[in-house]
Structures are given as C-alpha cells and as structure tokens.
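In case you want the letters, here they are:
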Amino acid sequence: MRKNLRHKLFQWRARHSFRPSWYSVLVNPYFIARWYLYRSISKFAGTVSNKKILDIGCGIKPYQPLFKDCEYLGIEVGNDRQISPFADKIYDGEHVPYQDASFDAVLCTQVLEHANHPDQLVKEIRRVLKPGGLAYITMPFVWNEHEKPYDFRRFTSFEHNRLLNSQNLDIRSISPTCGVFGVCGQLISAYIVETFGTRYNIVYQLVTLLLCAPMQIIFLALDGIFKNNWITLDYVIIAEKNAQE
Ligand SMILES: C[S@@+](CC[C@H](N)C(=O)[O-])C[C@H]1O[C@@H](n2cnc3c(N)ncnc32)[C@H](O)[C@@H]1O
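Conventions used here
Residue indices follow the written sequence of each chain, beginning from 1 at its first position. Only residues with pLDDT of at least 70 get local features here, since the model is predicted, and only at 80 or more are side-chain atom pairs given and counted; chain-wide, interface and lining totals rely on the full set of residues. Each residue receives a C-beta atom built from its backbone; the residue is near a molecule or strand if that atom lies within 6 Å of it. Note on residue classes: Ala, Val, Leu, Ile, Met, Phe, Trp, Tyr, Cys and Pro are nonpolar, Asp, Glu, Lys and Arg are charged, and everything else, Gly too, is polar. Note on method: axes are straight lines fitted to C-alpha atoms, helices fitted across the in-contact stretch only, with angles between N-to-C directions ranging 0 to 180 degrees. Every helix listed is a DSSP run of H or I at least four residues long, and every strand listed is a run of E at least two residues long, numbered separately from the N terminus. Any angle between 65 and 115 degrees counts as roughly perpendicular, while under 35 counts as roughly parallel, over 145 as roughly antiparallel, and the rest as oblique. Contact criterion: two residues are in contact if their C-beta atoms, reconstructed from the backbone, are within 7 Å. Pairing between strands is defined by DSSP: at least two bridges between the two strands are required.

Caption draft 1: Representation of the site of the ligand. Looking at the ligand, there are 17 residues lining it, with Gly 57, Gly 59, Gly 93, Thr 109 and His 114 nearest. Broken down by class, the residue content of the shell around the ligand amounts to seven nonpolar, seven polar and three charged.

Here is the structure:
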C-alpha cells in the first residue's frame, strides 16, 4: 500500500517535472526550463514512430512516454556515480555498449555537461546511429552547477557546431529554448526554492506555489511577448548521420 503510494507520488512528480502541463507551474519551480525542453522534445518525438531509440544518460527515462510506439532503451554511467534503476545497461560513460548502426535516433538530454569526454560521447552517438539516423541533444547554457561534482562545462552554439562537425554529423538545427526573460524568471525561481524550500516538503510546495509560480508566469509571458535569442537556458541540437554511409 505504502509502496504503491510512493510509486504514484514518484510518477506525479516526474510528470509535472519533465512533462509539464500548463498548470504544472503551480508545483514545479523549474517549470520554465522544463516547459521549453518538453515542447521541443515532444515535437521531435512526433517525427519518429516505430523506431529504435537510445537514450544516453537516461536518468529516470522521463521522455519515454513520448515515444509510445518505439523500442526505447536507456543507458547510464556506472562508476562512483549514482546508478539509475531505469537504465537497460550501465556502461563506462565512453564506450556505448551497442553495435554500430543499431539505432534510428539517439537522445542525449542534459548529459554532455557531465561527460568526462564529450567528443568521445558524440563520436559514440554517431557510431551507433544508422545512416540517416538522428541525434537529439540538449545541454544547459545558463544554469547553476548541479549534480556536483560532475558538472564540467557549458557550450556556446559555436562549440556545439564545432563538436558535431568534428564528429562528422550533419547539423539540422541548433536552437536556443528561450530568451532573456525566460532565463531571468527561471533563475530567480530556482534560486528562491533552493534557498528557502527543502526538497519536496510542504515548505517547498508553498514557496513554489506562492512565490515561484507567479514569478514564472510573469516572466514566461514577457518571454513570449519580447522574443529574443540574446541568451538562453538550453540549446537543443538536432543532427543527422549522413544517409550515404
Ligand atoms: C542532468 S541528468 C539528465 C538525465 C536525463 N537525460 C534528463 O534529461 O532528465 C544527467 C545524467 O547524465 C548521466 N551521465 C553523466 N555522464 C554520462 C556519460 N558519459 N554517459 C551517459 N550518461 C552520463 C548522469 O548519470 C545523469 O543521470
């Protein structure tokens, strides 16, 4: 009974955290970042059906429900880091444990900043993609240090461009998720909750509802009105492995 309740609570949090509806802003202090990422990945998921997908650095596989009719596998690093019970395989973080050209699409969301060797990881993404397969990569551009001490870098769009070109992937798009108001609203909301709320207790939910939610709504509205690419929370990169190979 208690286990069931805990599972339900976990699912509720995962949904409002990673696959938010508009009203999730009331319970999610990271709504702005997640909302934009979710919109982007939903759009991508809509373009792939009946495919074989690999999620590298899958965490809790938050986006799997979007790829309903796909075969969806996830891998995670082992070593001294926390091991995800959701992963289909645990690996060394450098040598993806699947054969060449095994997947139609590879997701790698919010992982490159944590990888010891991002060049090697992108090389592996390309290796396991089928010719014509797509890589969907996201990475924070403005965010505080997280998953400490395994947060090693942020990339500009030009570095994403260099990295993917150097590994012979054809870039379809490198897109910022939001503009300056999205960044400001999200950072202030995250700062407030991380300063005054303890994770997932009643104070956390009250702070989120009374302080973070109004702040995020106002800044999201401003971000929608004054659209700009001056700065962003995240970059979303879509790249393709050349179909001729
Ligand atoms: C911020 S979490 C992102 C999880 C999930 N992809 C998401 O979007 O919510 C970063 C994840 O990357 C994993 N990770 C770090 N280095 C990695 C590597 N070299 N290969 C695969 N996963 C890695 C971490 O264990 C962690 O689960």
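Text resumes after the structure shown.
Caption draft 2: How the structure looks around the packing of helix α5 (residues 180-196) against helix α6 (residues 202-225). Where α5 contacts α6, the two axes come as close as 8 Å, and the packing angle between them is 170°. With respect to each other, α5 and α6 are oriented roughly antiparallel. Residues Phe 181, Gly 182, Cys 184, Gly 185, Ile 188, Ser 189, Ile 192, Val 193 and Phe 196 of α5 lie in contact with α6, whose contacting residues are Tyr 204, Val 207, Thr 208, Leu 211, Cys 212, Met 215, Gln 216, Ile 218, Phe 219, Leu 220, Leu 222 and Asp 223. Considering only residue class, the contact of α5 with α6 consists of 15 nonpolar, five polar and one charged.

Caption draft 3: Molecular detail of the sheet that holds strand β4 (residues 103-109). If you walk across this open sheet you meet the seven strands as β3-β2-β1-β4-β5-β7-β6, and the pairing is mixed. Either end of the sheet is taken by a strand with one partner, and the two such strands are β3 (89-91) and β6 (170-176). Neighbour to neighbour, the strand axes of the sheet diverge by 20° on average, direction disregarded. By the bridge criterion, six bridges tie β6 to strand β7 (residues 234-240) in an arrangement that is antiparallel. Of the residues in β7, the one forming a bridge with Pro 176 is Tyr 235.

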